[in-house]
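# A look at the structure
For reference, the chains in residue letters:
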Amino acid sequence: GQYDRAIEDSNKVIAIDPNLAQAYNNRGVAYTQKGQYDRAIEDFNKAIAIDPNLALAYNNRGVAYNGKGQYDMAIEDYNKAIALDPNLAYAYYNRGVAYNDKGQYDRAIEDYNKAIALDPNFAQAYTNRGVTYNYKGQHDRAIEDFNKAIALNPNDAQAYYSRGIAYALSG
């Protein structure tokens, strides 16, 4: 959570080696965490210009676009990340978040399913899929996902909160 320090260190790396794509990617992640999406996108663009095959940079730029509410641009970046690295569970997960934000719940669930297939211990994917099932009125399925998320991460407050909502709506 020390994003300013992460940015400072990335700045030092870039000063030493301005052609290191990962340094721009890492600084972009820190800017994204700070909600500075435009600065993050600039860094991801630079990382991609240096290394057009850096799947994480596309994924991370998608997160920044999603943060700005530009879901279609985010989805386009997740698609590119997946094309470059079909085993990148986070790209499927993040694309699922974007589809969920667009109200395309079935597509979101498909992507959460793929993320979980790639990483069966991906607790947040279970939580988000459960939230999407709740939106669809499938509260029993949602509860199953929240139970799985809690089993994987007993400190997942969102899973407990959302499970409570599912219990209230399922009766």
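To keep things clear, this report deals only with the structure shown in the data block.

Rules and cut-offs
- Residues numbered from 1 in each chain as written.
- Predicted model: local features only at pLDDT ≥ 70, side-chain atom pairs only at ≥ 80, totals over all residues.
- Heavy atoms only, no water.
- Helix = DSSP H or I, 4+ residues; strand = E, 2+ residues; numbered from the N terminus.
- Rg over C-alpha atoms; globule rule 2.2 N^0.38 Å.
- Buried < 20%, exposed > 50% of the residue type's maximum accessible area, 1.4 Å probe, protein only.
- Contact = heavy atoms within 4.5 Å.
- Areas by Shrake-Rupley, 256 points an atom, 1.4 Å probe, with all protein chains shown as cover.
- Lys, Arg positive; Asp, Glu negative; His and termini not counted.
- Charge placed at Lys NZ, Arg CZ, Asp CG, Glu CD.
- Phe/Tyr/Trp six-rings, centres within 6.5 Å; stacked < 30°, edge-to-face > 60°.
- Lys NZ or Arg CZ within 6 Å of the ring centre and 35° of its normal.
- Axes fitted to C-alpha atoms, helices over the stretch in contact; angles between N-to-C directions.
- Parallel < 35°, antiparallel > 145°, perpendicular 65-115°, else oblique.
- Left-handed = near helix turned anticlockwise from the far one by under 90°.
- Nonpolar A, V, L, I, M, F, W, Y, C, P; charged D, E, K, R; others polar.

### Considering the overall build of the protein chain
- Along its length, the protein chain carries 10 helices and zero strands.
- For the protein chain, the sequential pattern of α-helices and β-strands runs α-α-α-α-α-α-α-α-α-α.
- Over its C-alpha trace the protein chain gives a radius of gyration of 17 Å, about what one expects of a compact globule, namely 16 Å for 171 residues.
- The C-alpha extent of the protein chain, read off along each of the three principal axes, is 60 × 30 × 25 Å.
- Burial analysis of the protein chain (171 residues in total) assigns 45% to the buried set.
- Counted over contacts in the protein chain with a minimum sequence separation of 6, partners at least 24 positions apart contribute 45%.
- Only carbon and sulfur atoms are counted for the fraction: they give 46% of the accessible area of the protein chain, which is about 8,800 Å².
- Once the 18 positive and 21 negative side-chain charges of the protein chain are each reduced to a mean point, those two points are 0 Å apart.

### Overview of the packing of aromatic side chains
- A complete count under the given rule lists four aromatic pairs for this structure.
- The interplanar angle of 40 degrees and the centroid separation of 4.9 Å between the aromatic rings of Tyr93 and Phe122 together place this pair among those described as tilted. In this pair, Tyr93 sits in helix 6 (residues 89–101) while Phe122 sits in the loop between helix 7 (105–118) and helix 8 (123–135), placing the two residues 29 residues apart along the sequence.
- For Tyr93, a relative accessible area of 11% translates into the label buried.
- Owing to a relative accessible area of 6%, Phe122 belongs among the buried residues under this scheme.
- Measuring from centroid to centroid gives 5.3 Å for Tyr105 and Tyr135, while their planes differ by 35 degrees, and the two rings are tilted. Taken as a pair, Tyr105 in helix 7 and Tyr135 in helix 8 lie far apart in primary sequence, 30 residues in all.
- A cation over a ring is seen here: Lys114 above Tyr92, with NZ or CZ 5.8 Å from the ring centre.

### Re the packing of helix 4 (residues 55–67) against helix 5 (residues 71–84)
- For the pair helix 4 and helix 5, the least separation of the axes is 8 Å and the interaxial angle reads 165 degrees. As summarised for this structure, helix 4 and helix 5 are arranged roughly antiparallel, according to the angle between their axes. When you trace helix 4 past helix 5, the crossing you get is left-handed. Taken together, the residues of helix 5 that come into contact with helix 4 (itself represented by Ala55, Tyr58, Asn59, Arg61, Gly62, Val63, Tyr65 and Asn66) are Tyr71, Met73, Ala74, Asp77, Tyr78, Lys80, Ala81 and Leu84.
- For the contact of helix 4 with helix 5, the per-class residue count stands at 10 nonpolar, three polar and three charged.

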